[in-house]
Amino acid sequence: MAGQPQRPVRTDGAPAATDAGPAAFGPGPPTEIAPRRTPLIGAALLALLLLGWFADLTPINALRLWGFDLAGSLRPDAAGPSAVVVVDIDDESLARIGQWPWPRDLLARAVARLAEQGAAVVILDLLLAEPDRLDRHDMALASALASLPTVAGAAVPASRSPAAPSEPLIGRFATRGVPELDGLPHADALVPALPVLEAAADGIGLLNLYPDFDGAVRTVPGAIVVGGRLFPGLAVEGVRVAAGAPNLMLEVPSGLGAEGIAIAGHLIPTDSHGRIWIDPRSPERIPVLPAHRLLAGDAALPALAGRVVVLGVSAAGVAAALKTASGHVVSGTLFQAMAIDSILSGRVMARPPALRLAEAGVAMAVGLAIILASPWLTLPLLGLLAAALTLALAAIAGGLTLGAGLLVDASFPILAGLVLAGQVALVRMREQVLIRRRQAAALARQDAYMRRVVDASFDAIVTVDAEAMVLTANAGAERLFGIAARALPGRQLGDLLPGFWQAAMGHRPDDGHSGRQLDATVRGEQVLSIEAAHANGHTVPAEMTIARAEMAQPVFVIVLRDISARIGAEEAARRAAERLRDGVGRITDGFALFGPDRRLVICNSRFAALLGPAGSLANPGIGYDALMSRYARSAVAPVDAGGRPDAWLADRMAAFSAGGPPRIQEHLDGRWFRVDERPTAEGGLVTIYSDITELKLHEMEMLEAMRRAETASAAKSAFLANMSHELRTPLNAVIGFADIMKQELFGPLGSEQYRSYVGDIVGSGTKLLGMIESILEFSRAEQKPVATPGAQCRTADVVDAVRRDLHTAALEQAIELKAELHDGPATLGVDASVLYQVLQNLVSNAIKFARPGTAVVTRSFVDRDGRPGLSVSDEGIGIPADLIDQLTQPFWQRQGALVRAHSGVGLGLAIVKSHVDNLQGELRFDSREGEGTTVTVWFPAACRVPEGNAPPA
C-alpha cells in the first residue's frame, strides 16, 4: 500500500482534498537539517572545568604546581652569601656519640659553642618534649639557650589528639583585618618543648612541614591554628627572633584568606592558607656544618658571627628526607634553613588571596570569549587563537613572576582556552559528518514513518476495491473487528459492517453497485455513524469516512473510528454534571462559579436566595456585571453600594480576576455576609456567600459588654482614688498629732505605756498611709496616658533618687545598693516620676526579699534591637516558676512564712506592670529559687534619646 498513489484522507470528519498529489503514505523529500553551532556544550565544558578548579582536582592541582615550579625556576639566583648556617647531626655525628636522642649536655655544649662563635640566633629544629635522663642536662641546655637569642621547637601531632596541652605556650601572634582563619592548617593539640627549655628560649616555632600531593615540599607554614590560637612556624619564628620583633601580625585583609605575616614592619607574603612559598633551587647555598666538628672545636669552621644557625638532625633512621620542587633531596633542617634564607633575602614568592579569583575570572573570560566567538571561528583561526592564547598568558604570568614576584597560575586559563578551542575544532570537523548522518537518518525515519503510520494509527484504516473487497488493513482494524490484520484482505466489506451497509454491499460483486455506493459517500463528504461487527459477536459503535485514491483501478480508503469510549465518556460527564449540580445545591452557603468570560456557570439555590430579588436572574449564562448591577440596586443591596451602585459595581468588576481576601459585607436589610471570592486557574471566579448575621450580632453584644466592663473598671478606679484621698486627709492629721505627742512638744505624757501607744499609732498610721499611697498610684497608673509628649529624664538622676530614698531600708536589712549604668543610655524619653515609680517598687521589692549581706544591683543596657532597658537583680529567696505569672496581679502576695513577714498591700509590681504597659514596653522576671531574681524592663526604641538631644545634667 505504501507504494501506491493514494488520495489524501482526513480523519476528523472534514471534507477530503480532491487533488491527486503524491501518495499519502509514500516517502516525501527529506527534511533539510541545518547545522547548529550551539555554545551549550562549550558552556557546560567550561562549567565542568570551573567546578574541577574549585574542587582543586588532582590534575588541575598538578598543572598549577608545575606552573609554579616553572615560574620559580625563571627567577634569578640570590646574590651574596647566605645569612643562614645549618649545624647538622649527621650520620657521622650520631655514630661518634652512639646514642639518640643526644644527651642534652651535648646539645648545651653545641649551643654554647655557637654563642662563642658569635651566632646571632640559634634555632633548634628538634622536638625536645621528653626530659633527659639527668635533670641537670636539661638545666644545662636551658642555661645555654638563655645565653643568646634562641628558638625552641614544638609540633602538632599528625593525628588529632583528644585535648590541647594543659599549659599552652605564650602567644605572640595577632590578627589584623578579618578574623577568618578557616583556611589555615588546624590542629587540636600541641606537643611543646620542655617547660624549662620553653622558658629559656626567646621563641617557640612549630616544626611541621606539609608536602604537596606529589610528595614535594614547596612551602613552610607561616601560622597554624591550635585549639583556637595561632602559632608560628619555625622559620617565621626564627626570623622574628632574628629581627628582635616582640610579636607577629597575620594580615587578613578580607574573607578570602591570609595575605602575609608582618614582622617588625616588614611583610612576609603568604598564600590564603598562610603558607610561605620559598626558593628551593639552591640548597648548596646554605653552609652545612657537621655537629661533631662543632663540638670538637674544628678550626676550619665557617664564619658564624652574626649568622642565623639552624641546629637539627639528618641522620638516617632519625630524620626523614624531603624532596623539593627542584628535585633535590634535603633534610627537614636544611629545608627550614632554606626557608629562613628565602625570607631574609626577599626571595619569597607572593600569592595574594585575590589572585586565585582573578585567575578564575581570566579563565572564565577566555572561555566565554571562545564560546561566544565559536560560530565564526574556523579551524585555522582556532589554531592561531590557541597558540596566541598560550603565549600571551604564559608571558603575562612570567612577567608578573619576574617583575613582581607573584606566583601566577596561568595553567588553568591556558587549559580552559585550549580545551574549549579543541572542543570547537572537534565540533567543526564532525559537523559535516553529523549533518550528513542526520539527513540520511531523517530520510530513513520519514520513509519508516510513512510506511508505519497506517499501522500506528489508533483508527481502523482499510482499503477496498470497487467491489468493496478488502485489500489492506492496519492494526486498528484488527482491534476494531477482532480479526487478525493478515486475515482481513479478501473479505467483503458488507460482512464487517452489518445493517444498512451489509444490505448495500450484498449485491453481486460484478454489478458495480458497491463501487457506486462508495463513490456516492465520497461525493457527499459524509461522516457516517455505523456499527462494526466484532468477531466475538457484539457490535462496536463507530464513525466512518471514505476517500477515493485516483489509480488505474478505483481504490477507496476507509477510516473507521471506535467511538464507544467517547460515548461512555459523554455519559460519565453527564452523570458527573448531575452529581456536581446536586452537590452544589446541597451546600448551606451560597455558591456560584463564573467562567473566564464572566458569565455564570453554576450556582445553588442558597446563592440565589441571598441575592434577594437579583437571585431570580441567577441562571447559567448571565453576565457577572448584569447580576451584580441588579443586586446593587435592590432593597437588600450591600451598605457600601447604597447610593453608589455604579462605583460599587466597578470595584467588583476590577476585583473579578484578582480576587482578594474574604470581606465582611453589611446589607441594607440588616443582614451580614462573609463574601469569599477566589479566581480560578483559567480566569474565572468562585464566589461563596455565608450568612453571618447571628455571629455579627453576637460580636456586637460582646463589644457592648466589654465597653460596660471597662466603664465599671474606670468607675472602680475613680472610687478607689476618691476614697484614698478622703482617708489620707484625716490619717495625716492622726499621724501628725500622734507625732507631736510622741515628741512631747507640749509636755510629758506621764506614763511610759502612753509613749509606747503613741509610737504604735505613728507606725501603724505610716504603714496605712503607705498602703493608701500605693492604691492612689495604682489608680493613677491605670488612667495614665501612654506617654507624656517630650518627656525626658536622666537615668542616673532617677536611680540615685531611688537609692537615696531606700538607703535607710537597705541599711536595716544590711543590703548594699549598687548601680551599673555605663552600658545604657544616659537619657530616656520617659517621665521622671513614672521611671521613679517603676524603679522604686522594683528596688523596694528586691530589698525585702534579698538575703542580708548581699547587694541589689540596678543596671542599664541597650539590646540588639536598639531598645533601652533597666534591670534590678537581688540574691534573695527567688520565685517559683509557677508563681511568676501571678506577680503583677493587683493585691496578690506570695503566701508563706518566709515572705508574709514583709508588709505591703500587694500593688507594687501591679503598678510597675501598668506603667510599663502604658509605655508599650516589656516586663520580664528571671528567677531561681534560693539564688535570686532579676526583673528586666524594656522600653520602646523610641524612648532612647540621642546624647545630643539629652537635657543638661
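Residues numbered from 1 in each chain as written. Predicted model: local features only at pLDDT ≥ 70, side-chain atom pairs only at ≥ 80, totals over all residues. Heavy atoms only, no water.

Chemist: What is the right way to look at the side chain of Q336 in this model?
Modeler: Relative to the helices and strands, Q336 is located in helix α9 (residues 332–344). A distance of 3.4 Å separates the side chain of Q336 from the backbone oxygen of L207, its partner in a polar contact. When neighbours within four sequence positions are excluded, Q336 is seen to be in contact with D125, L206, L207, L209, V220, L234 and A235. (Helix = DSSP H or I, 4+ residues; strand = E, 2+ residues; numbered from the N terminus. Polar contact = N/O pair within 3.5 Å; in protein donor to acceptor, adjacent residues only side chain to side chain. Contact = heavy atoms within 4.5 Å.)

Chemist: Would you explain the UniProt feature "transmembrane region" (unreviewed entry) in the protein in this entry?
Modeler: Residues given the UniProt feature "transmembrane region" (unreviewed entry) here are residues 381–404 and 410–429. End C-alpha to end C-alpha, residues 381–404 measures 33 Å, and it is 100% helix and 0% strand. Along residues 410–429 the backbone is 95% helical and 0% strand, and the end-to-end C-alpha distance reaches 28 Å. (UniProt positions renumbered as here; feature names shortened; annotations may be inferred.)

Chemist: Looking at this structure, I do not really get the sheet that holds strand β5 (residues 186–187). What am I missing?
Modeler: Strand-to-strand pairing in sheets goes through backbone hydrogen bonds, with the strands running parallel or antiparallel. A sheet is described by the order of its strands in space; here 3 strands give the open sequence β5-β9-β10, paired in mixed fashion. The outermost strands of the open sheet, each flanked by one partner alone, are β5 and β10 (229–232). As defined by bridge partners, β5 adjoins strand β9 (residues 223–226) across 2 bridges and the pair is classed as parallel. Residue pairing in the sheet places H186 in a bridge with V225 of β9. (Pairing = 2+ DSSP bridges.)

Chemist: Looking at this structure, I do not really get the pairing of strand β13 (residues 266–269). What am I missing?
Modeler: Regular strands place their side chains on alternate faces of the sheet. Pairing between strand β12 (residues 260–263) and β13: 4 bridges, direction antiparallel. Note on β13: the bridge partner recorded for A262 is L267. Here β12 hands over to β13 after 2 residues, with A264 in that stretch at a positive phi of 55 degrees.

Chemist: Before we go on, may I ask you to explain unusual backbone geometry in this structure?
Modeler: Only a minority of non-glycine residues have a phi that is not negative, and only a minority of peptide bonds are not trans. Positioned with a positive phi, A264 is a non-glycine residue whose angle comes to about 55 degrees. Among the secondary structure elements, A264 is positioned in the loop between β12 and β13. Since its relative accessible area comes to 48%, A264 is described here as partly exposed. Even without being glycine, R598 reaches a positive phi, approximately 65 degrees. Mapped onto the secondary structure, R598 falls in the loop between β24 (590–594) and β25 (600–603). (Buried < 20%, exposed > 50% of the residue type's maximum accessible area, 1.4 Å probe, protein only.)

Chemist: What is the right way to read the packing of aromatic side chains from this model?
Modeler: Given two aromatic rings, their pairing is described by the distance between the two centres and the angle made by the two planes. Under the defined criterion, the tally for this structure stands at 8 aromatic pairs. When the ring of W53 is compared with that of F54, the centres are 4.8 Å apart and the planes differ by 75 degrees; the resulting orientation is edge-to-face. Every member of this aromatic cluster is reached through a ring pair, and the members are F607, Y631, W648, F673 and Y689. Here R356 stacks its cationic end above the ring of W53, 4.1 Å away from the centre of that ring. The lysine or arginine in question, K696, covers the ring of W672, its NZ or CZ lying 4.8 Å from the ring centre. (Phe/Tyr/Trp six-rings, centres within 6.5 Å; stacked < 30°, edge-to-face > 60°. Lys NZ or Arg CZ within 6 Å of the ring centre and 35° of its normal.)

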